[in-house]
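# Chains, contacts and geometry: an overview
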Amino acid sequence: MTDYSAGVFKEAFQLALKYQSELPNRACRPQTTYHEMRDLFSEPLPEAGFNDRETIRLLGSVGDQGLMQMRHPRFFGWVLGASHPVGIAADWLATAWGQNSAYHASPTTAALEEVAASWILELLDLPRHATVGFATGATVGNFVALAAARGATLRKHNWDPDADGLFGAPEVHVFIGDDAHTSVFSALQYIGFGHDRVIRVETDSQGRMKPDDLERKVGDRSGPMIIIAQAGQINTGAFDPFAEIAKIAESAGAWLHVDGAFGLWARANPRLKALTEAIEQADSWVTDGHKWLQTPFDTGYVIVKDADAHKRAMTTWASFLPMHQEGDRIASSLVPELSRRARGVATWAIVKSLGRKGVAEMVGRHCEVARRMAARLATEKDVHVLNEVVLNQVIVEFGAADESLESRREQTQAVIDTVVNSGTCFVGGARWRDRWVMRISVISQNTSVEDGNIAVDAMIKAWRQVRGSSSVD
Ligand SMILES: *Cc1c(COP(=O)(O)O)cnc(C)c1O
């Protein structure tokens, strides 16, 4: 390694270190808009090259302005993890090693991914013989699991879609809760099922699938079936009633898939595990690393009980790939990609450094912070927490109950804007049924009870400001 390379690495390292040290004191929101950043970075394709070190320096100085502080302990936007430092460091090393993790060509990364996969199964207490693919996230994870489900269900009806495609295949009935995550519909689109060709199952006030409606709709049909359940609804954090759903799936011979992008991690905490009761009876599960486990982006895990269905859906044929032995884990037969980043390295490092106890503590703490934030917000006049806070998600609407939906929507958005502009914390808005809500996701590694209190102070202050100005109008 020349000194010259060392200079580039050091430059990036110094910039990352500076960011890390400034992070707690930064405003959570970006300093600039997307359009401003586009203007700052736009230039004609460079004809001549530019100094490497200066390139990294420029990236740091310009790029720094447009960063959303997703790693900040008071970042409550969407449902995002905070990229654990040990994961970042491991990821750097994996990148610096330059390992293509398609296959066993890199013994180190192949082995680390295999070990990490077994740890994930243990943390989530899912069948230890299940296969685990390291995908980019839950969207692609859902795609992989549903592709496996497509093959397994259709082969039972004498059709092999992995070999022969879908033209002429028997119809597969897909049942999905009305409050499923949008990415599952994308996954259905990718596997040729279409995002609209589904049988929607009614949900209750928390977004949980109603088993009696599922049972009735399944009972009306025959042939290959897939039921898609959810652990952790994106707004309410609610869990589908898996025991009842699993029973229906079993008697119908349906494949049961669970999207548990963040909710599946409830299983890592003994006090929360009961929320997922009977989930282990499903056929496949998806969860993210880059949400609750705090891996750097991007990492998701797709877990399938039927290894054969999993591998047949994602098989790669290539004679140039190194030979493997019977029983070896072939990473590229579990995800769509062949060449890819060594995603298992960061997962291995984070689980190694946190341990089972560390993961359980973090998940439990986040749920406790969410519960306390909701309890404090609910004591404020005309502030309504709309969900049962069972996990880490809190949805809040601002405005008096006798005001119009539109007026409450405006006030809620005004509170969100005021809070975000203050820089104290970051929250987003979301639609829940006919309401517009402020959605709080407590899922950032270091978020403490104190952070929750500071954020709630800012929210209440913003609400009083909005209330004050609207009563003047
Ligand atoms: C975030 C999320 C997804 C999508 O995950 P990505 O990692 O963004 O692809 C799917 N389902 C649920 C419930 C989610 O919260």
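In this report, we go over the structure that sits alongside the text. All residue numbers refer to positions counted from 1 along the written sequence of the respective chain. In keeping with the model being predicted, local features are shown solely for residues with a pLDDT of at least 70 and side-chain atom pairs are shown and tallied solely at 80 or more, while totals for entire chains, interfaces and linings include all residues. Only hydrogens and water are removed before side-chain values are computed, so all heavy atoms of the structure are retained for them.

## Notes on the environment of S333
Filter applied, for reference: Put simply, DSSP marks the helices as runs of H or I at least four residues long and the strands as runs of E at least two long, and each gets a number from the N terminus on. A 1.4 Å probe rolled over the protein chains alone gives each residue an accessible area, and that area as a share of the maximum for its type sets the label: buried under 20%, exposed over 50%, partly exposed in between. A contact between two residues is defined here by any heavy atoms of the two lying within 4.5 Å.
One can find S333 in the loop between α11 (307-314) and α12 (343-378). Residue class for S333 comes out buried when judged on its relative accessible area of 11%. Taking the C-alpha atoms as reference points, S333 and A102, 231 residues apart in sequence, are found 9.2 Å from one another. Excluding residues within four positions of it along the chain, S333 makes contact with H310, K311, M314, T315 and T316.

## Regarding the layout of surface pockets
Condition: Residues are said to line a cavity or pocket when one of their atoms sits within 4 Å of a point; the points come from a 1 Å grid over protein atoms alone, cavities being sets where a 1.4 Å probe fits but cannot get out and pockets being open sets with protein on both sides within 12 Å along at least five of seven lines. Grid points are joined across faces, edges and corners, and a volume is the space filled by probe spheres set on the points. By the convention adopted, Pro, Cys, Tyr, Trp, Phe, Met, Ile, Leu, Val and Ala count as nonpolar, Lys, Arg, Asp and Glu as charged, and the other residues, Gly among them, as polar.
By volume, the largest pocket amounts to about 1300 Å³. Together, 34 residues line the largest pocket, and A12, L15, A16, I88 and W92 are the ones closest to its centre. Mapped by element, the contributors of at least two residues to the lining of the largest pocket are α1 (3-22), α3 (52-63) and α4 (85-97). When residues of the lining of the largest pocket are assigned to their parent elements, the largest contribution, eleven residues, is made by α1. Residue classes in the lining of the largest pocket are distributed as 20 nonpolar, seven polar and seven charged. Volume-wise, the second largest pocket comes out at about 280 Å³. Residue lining of the second largest pocket: 16 residues in total, with H129, A130, T131, V132 and R329 positioned closest to the centre. Taken together, the elements giving at least two residues each to the lining of the second largest pocket come down to α5 (107-123), β1 (131-135) and α11. At four residues, α5 tops the list of elements feeding residues into the lining of the second largest pocket. Per-class residue counts for the lining of the second largest pocket are seven nonpolar, four polar and five charged.

## Points about the site of the ligand
This is how it is decided: Residues are labelled near a given molecule or strand when at least one of their non-hydrogen atoms is within 4 Å of it. Think of a polar contact as two N or O atoms within 3.5 Å of one another; within protein, one of them needs to be a possible hydrogen donor and the other a possible acceptor, and neighboring residues in sequence only count if both atoms come from side chains. Using the Shrake-Rupley algorithm and a 1.4 Å probe, accessible areas are obtained, with residue cover drawn only from the displayed protein chains.
The full set close to the ligand counts 13 residues, and T139, D259, D288, H290 and K291 are the nearest of them. A distance of 2.6 Å separates an oxygen atom of the ligand from a polar side-chain atom of T139. If the ligand stood free it would expose 380 Å²; the protein chains cover 85% of that surface. In terms of residue class, the shell around the ligand is made up of four nonpolar, six polar and three charged.

## Quick word on the packing of aromatic side chains
Applicable threshold: Ring pairs shown here join Phe, Tyr and Trp side chains whose ring centres sit within 6.5 Å, with only the six-membered ring taken for Trp; geometry is labelled stacked below 30 degrees between planes, edge-to-face above 60, and tilted in between.
A full pass over the atoms with the stated rule returns eight aromatic pairs. Look at F143 and Y190: their rings are 5.9 Å apart centre to centre, the planes differ by 75 degrees, and that puts the pair in the edge-to-face class. Highlighted residues: F143 in helix α6 (residues 138-155) and Y190 in helix α8 (residues 182-190), separated in sequence by 47 residues. Between the aromatic rings of F398 and W463, the centroid separation amounts to 5.5 Å while the plane-to-plane angle is 45 degrees, which identifies the pairing as tilted. In this pair, F398 is assigned in strand β9 (residues 393-398) and W463 in helix α14 (residues 449-472), connecting sequence segments 65 residues apart. You can call F398 buried: its relative accessible area is 1%. Judged by relative accessible area, which is 2%, W463 ranks as buried. Each residue in the set F75, W78 and F426 is aromatic and connected to the rest through ring pairs, giving one cluster.

## Considerations on the packing of α6 against α11
To keep it simple, the criterion reads: As a rule, the C-alpha atoms of each element are fitted with a line to give its axis, helices using only the stretch in contact, and angles between N-to-C directions run from 0 to 180 degrees. Oblique is the label for any angle not under 35 degrees, not over 145, and not in the 65 to 115 range, which are roughly parallel, roughly antiparallel and roughly perpendicular in turn.
As a packed pair, α6 and α11 sit with axes 8 Å apart at the nearest point and diverge in direction by 110 degrees. The orientation of α6 relative to α11 falls into the category roughly perpendicular. For the pair α6 and α11, the contacting residues are F143, V144, A147, A148, A152 and R155 in the first and A309, H310, R312, A313 and M314 in the second.

## Let's talk about the sheet that holds strand β11 (residues 435-441)
Basically, it comes down to this: In short, DSSP must find at least two bridges between two strands for them to pair.
Judged by pairing direction, the sheet is antiparallel, and its four strands sit side by side in the order β8-β9-β11-β10 without closing on themselves. If you trace the sheet from one side to the other, it starts and ends with β8 (383-385) and β10 (428-432), each paired once. Adjacent strand axes in the sheet meet at a mean angle of 40 degrees when their direction is disregarded. Where β8 and β9 come together, three bridges link them in antiparallel fashion. The partner of V383 across the bridge, within β9, is F398. This element, α12, spans β8, β9 and β11 of the sheet and lies at about 145 degrees to β8. This element, helix α13 (residues 405-422), spans β9, β10 and β11 of the sheet and lies at about 30 degrees to β11.

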